[in-house]
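# Breakdown of the fold
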Amino acid sequence: MSSNTILTPDPYAILDGWLSGVYRRPDGQEVRGRAWDEDTRYRYGLLLAGIDAPADWRGDWLRYIGDAVWHFEPLHIQDWASRLTNLDGTPLAAASRGRAVSAVRSFYRHCEEDLGAARWNLPPRRALAGPTPPAERERYTRFQMDALRTAADRYRGPHAERARLAVYMTLAGLRPGQSIAALVDHVQRHNAAGPTWRLPAKNNGASGITSIHTIPRPVVWALDEYLPVRTHKVPHSTETTGPLLVSRTGRGLDRVTFPRLLRDVAASHPDLKELAPTLHPDVVAHSPSPFADETSADAP
């Protein structure tokens, strides 16, 4: 190696240590840092390094900035944030743009404070991402949600029982992160008042467990059909432990597979074919539930 070669830190290695909660300072001291919740690790890993992103999505910060990773200007962050899209290629909402900028600022703050890196003096998030105007929450119509329920009932694709339960959980108001993080051992079937479950809080990541909730009756029906055919496999899951919604390998579903599953179901209904390619589980969860007249249970 030439004596003129300048060694620079590997941003991917720094990111990996930071998100794992264990890293080394420049003096060699090992530090056990922040214990990130699963949702934040996923979001930061995706935005900063494209971790767990689909093969055709290349919007992460490290890929965008390239060799200028340690020598960038605030204008680069502004340009990157303005170009960001969702995983399906649709434009990113203003609030999501702000969260993406926060991820970049947090990463470089870690580099400054914990690794002794130079100070970038980054402007506030608002200056980099632009203001976040209040937006009216998008919703689908009751007709569309009735059609999605019908599609789930008639679906005959792979793992049809799992697909029906995933759709029913979303129609009942569960956010994607809640459905993915739901555990089979948190389902209680033999309570006097009826079946219940414990779910992660909607906005608190997978580590935030709420109090017990009654399972809406239509979801119980879908659950009864799914559990006998649930493809649990050790070490990832067993008949009584692990993620409720699992793949054929016994692993829990991820945030790329889950929306694809709902879109496959929607695409099987003639009235939803145009909507299916861009259907968002979050919007489904916020839309009028077709179960509203069938249960008086509180929404989870």
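Let me begin by describing the structure that accompanies this report. For clarity, every value in this text was computed on a predicted model and none was experimentally measured.

The nonpolar side chains of a soluble globular protein tend to be buried with one another. Formed by 45 residues in total, the largest nonpolar core has its most connected members in L148, L165, M169, W197, V219 and L244. Every element with two or more residues in this core is listed here: α7 (142–154), α8 (160–171), β4 (196–200), α10 (217–226), α11 (257–267) and α12 (281–286). It is α8 that contributes the most residues to this core, 8 residues altogether. Counting residues in hydrophobic clusters, the runner-up holds 37 residues, among them Y42, I65, A100 and A103.

Our next topic: the packing of aromatic side chains. Two numbers describe a pair of aromatic rings. These are the distance of the centres and the angle of the planes. For the structure on display, the rule yields 16 aromatic pairs. Between the aromatic rings of W70 and F107, the centroid separation amounts to 6.4 Å while the plane-to-plane angle is 25°, which identifies the pairing as stacked. Of the two residues, W70 sits in the loop between α3 (61–65) and α4 (74–83) while F107 sits in helix α5 (residues 94–115), which places them 37 residues apart along the sequence. In this structure F107 comes out as buried when scored by relative accessible area, which is 1%.

The subject of this paragraph is the pairing of β4. With 4 of 5 residues buried, β4 is to be regarded as a mostly interior element. When strand β3 (residues 187–188) meets β4, the two strands line up antiparallel, connected through 2 bridges. Each residue of the ladder has a partner; that of V187, found in β4, is W197.

Quick look at α8 now. Since the α-helix turns once every 3.6 residues, residues separated by three or four places project in the same direction. Taking 1.5 Å per residue as the helical rise, α8 with its 12 residues ought to reach 16 Å, and the 16 Å between its terminal C-alpha atoms agrees with that figure. Here α8 lies mainly inside the structure; 11 of its 12 residues are buried. Lining the buried residues of α8 we find α7, α9 (176–181), β4, α10, α11 and α12. Once α8 finishes, G173 follows within two positions and takes phi at roughly 105°, a positive value.

What counts, and where the lines are drawn
Residues numbered from 1 in each chain as written. Predicted model: local features only at pLDDT ≥ 70, side-chain atom pairs only at ≥ 80, totals over all residues. Heavy atoms only, no water. Core = buried A, V, L, I, M, F, W, Y, C linked by side-chain atoms within 4.5 Å. Buried < 20%, exposed > 50% of the residue type's maximum accessible area, 1.4 Å probe, protein only. Helix = DSSP H or I, 4+ residues; strand = E, 2+ residues; numbered from the N terminus. Phe/Tyr/Trp six-rings, centres within 6.5 Å; stacked < 30°, edge-to-face > 60°. Pairing = 2+ DSSP bridges. Expected span 1.5 Å × (residues − 1). Contact = heavy atoms within 4.5 Å.

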